[in-house]
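Architecture and fold: a report
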Amino acid sequence: MDRKEAMRRARERREAVLVRARMLAPEVRELTFAVREGSPIEFVAGQYANFHLGPNGDLQRSYSMAVAPSSGELTIAVTRVEGGPGSIAMHAMELGSKVPVDGPWGLFTLERVPMDAPLLFVATGTGLTPIRAMIEAELATAGTRPVRLVFGCRREVDRLYADDLDAWSAKHARFAWTPTVSRPVEGTPPARVQDRLPAALEELSGHGEPHVLVCGLRAMVEDVRALLKEAYSVGRERIHTERFD
Ligand SMILES: Cc1cc2nc3c(=O)[nH]c(=O)nc-3n(C[C@H](O)[C@H](O)[C@H](O)COP(=O)(O)OP(=O)(O)OC[C@H]3O[C@@H](n4cnc5c(N)ncnc54)[C@H](O)[C@@H]3O)c2cc1C
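Criteria and cut-off values
Residues numbered from 1 in each chain as written. Predicted model: local features only at pLDDT ≥ 70, side-chain atom pairs only at ≥ 80, totals over all residues. Helix = DSSP H or I, 4+ residues; strand = E, 2+ residues; numbered from the N terminus. Rg over C-alpha atoms; globule rule 2.2 N^0.38 Å. Buried ≥ 20, exposed ≤ 12 C-beta atoms within 10 Å, placed from the backbone. Pairing = 2+ DSSP bridges. Right-handed = clockwise from strand over helix to strand, strands pointing away. Axes fitted to C-alpha atoms, helices over the stretch in contact; angles between N-to-C directions. Near = placed C-beta within 6 Å. Nonpolar A, V, L, I, M, F, W, Y, C, P; charged D, E, K, R; others polar. Domains from an automatic or database assignment. Contact = placed C-beta atoms within 7 Å. Core = buried A, V, L, I, M, F, W, Y, C linked by C-beta atoms within 7 Å.

**Considerations on the overall build of the protein**
- Along the protein, the regular secondary structure elements total six helices and 11 strands.
- For 245 residues, the compact-globule estimate of 2.2 N^0.38 gives 18 Å, and the C-alpha radius of gyration of the protein, at 18 Å, lies within 12% of that figure.
- Its C-alpha atoms give the protein principal-axis dimensions of roughly 50 × 50 × 35 Å.
- Classification of the 245 residues of the protein by burial places 40% in the buried group.

**Describing the pairing of strand E10 (residues 211-216)**
- In terms of residue burial, E10 counts as a mostly covered element, since six of its six residues are buried.
- Here five bridges tie strand E7 (residues 119-124) to E10, and the two strands are oriented parallel to one another. Directly across from Leu120, in E10, lies its bridge partner Val212.
- As judged from the five bridges shared by E10 and strand E11 (residues 239-243), these two strands associate in the parallel manner. Paired with Leu213 across the two strands is His240, which belongs to E11.
- The parallel pair E10 and E11, bridged by helix H6 (residues 218-230), forms a crossover whose chirality is right-handed.

**Remarks on the environment of Lys171**
- Considering the arrangement of structural elements, one finds Lys171 in helix H4 (residues 162-171).
- When the 9 C-beta atoms within 10 Å are taken as the criterion, Lys171 is described as exposed.
- Once the C-alpha coordinates of Lys171 and Leu139 are considered, the two residues, 32 residues apart in sequence, prove to be 9.7 Å apart.

**Describing the sheet that holds strand E9 (residues 175-181)**
- Strand order in the open sheet formed by five strands is E9-E8-E7-E10-E11, with parallel pairing between adjacent strands. Each edge of the open sheet carries a strand with a single partner, namely E9 and E11. Between one strand axis and the next, the sheet turns through 10° on average, direction left out of account.
- In this structure, strand E8 (residues 147-153) lies alongside E9, joined through seven bridges in parallel fashion.

**Comments concerning unusual backbone geometry**
- The amide bond that connects Gly103 to the next residue, Pro104, takes the cis arrangement and shows omega of 5°.
- By secondary structure assignment, the location of Pro104 is in strand E6 (residues 98-105).
- The phi torsion at Tyr161 lies on the positive side, around 55°, for a residue other than glycine.
- Along the chain, Tyr161 falls in the loop between E8 and H4.
- By the C-beta count within 10 Å, which is 24 here, Tyr161 ends up buried.
- In this structure, Ser233 is a non-glycine residue whose phi angle is positive, near 50°.

**As for the site of the ligand**
- Around the ligand, a shell composed of 22 residues is seen, among which Thr79, Gly84, Gly86, Ser87 and Asp245 lie nearest.
- Contributions of two or more residues to the shell around the ligand are made by strand E4 (59-64), strand E5 (73-79) and helix H2 (85-92).
- Of the residues in the shell around the ligand, the class split is nine nonpolar, 10 polar and three charged.
- For the shell around the ligand, the domains that each give at least three residues are domain 1 (3-105) and domain 2 (110-243).

**A look at the domain arrangement of the protein**
- The assigned domain composition of the protein is domain 1 (3-105) and domain 2 (110-243).
- Inter-centroid distance (C-alpha atoms) of domain 1 to domain 2 is 24 Å.
- Taken together, the 16 residues of domain 1 in the interface contact 16 residues of domain 2.
- Sorting the residues of the side of domain 1 that touches domain 2 by element identifies strand E1 (14-25) and E5 as the ones contributing at least two each.

**Regarding the nonpolar core**
- Grouped together as the largest cluster of nonpolar side chains are 63 residues, with contacts concentrated most on Met65, Phe121, Val122 and Ile131.
- There are two domains that each give this core at least three residues, and those are domain 1 (3-105) and domain 2 (110-243).
- Setting aside chain neighbours within four positions, we find Ile131 in contact with Phe121, Ala123, Leu149, Leu213 and Cys215.

The structure is reproduced here in structure tokens:
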């Protein structure tokens, strides 16, 4: 498919039907949609789709696919934001609901990263969603490069997809992940993703120059980007980011 055709298809609004939903954490709901009308949404891990919410479909919100593209479905994970109309609608949506959707969109994928570069992923909250999809896709290849994830959340109960990540690290020697909890239960020191960067970079540097992929809210993404460039001399061509706000 050429670029023009890909853009035409991405702009096409299709009807997506909510077929499954579950809570991943107290404020995070995972929703799986089947695209039943129009052309399928053929995405690359890391990309997102636009959902047209509200009675007239005029409330547009973007959500990254959390599951690697093999099933033909769109699985997303949405944080419920206090007073946020889009995320509240996503949390209230009933099975069988139909939503107009377009996509895929976005360049936050592994397509721009050299095939043999070690990978360091950094995510907070639902910033994990595109990264979860990329890790899943990467581990399904025959590649051997090391893959590390530093994931930050507020509390232990907010560790999204921890079962999947644990299972993948048990199965694939080249993958490891470190959760950091900023407001842990008493007796455990709080930590931020920023604190884990030096050790992760050091560990990967023996395998070549790591590329770092960062996703989450603006403050964290900008802070990590500045640290990578200024404190750890990671060139800008090796830093890839997606911001949710
Ligand atoms: C490319 C892209 C991909 C995205 N993917 C996801 C995703 O996979 N999961 C997801 O939950 N959101 C994702 N978002 C954010 C999403 O599009 C909405 O902005 C979010 O759901 C808030 O919309 P709202 O209408 O509820 O609140 P609004 O009133 O529009 O926003 C209120 C506040 O919510 C904050 N906010 C936005 N996203 C989050 C979040 N994830 N966690 C905490 N606070 C947030 C913003 O800083 C803003 O100040 C993505 C955004 C972009 C641009």
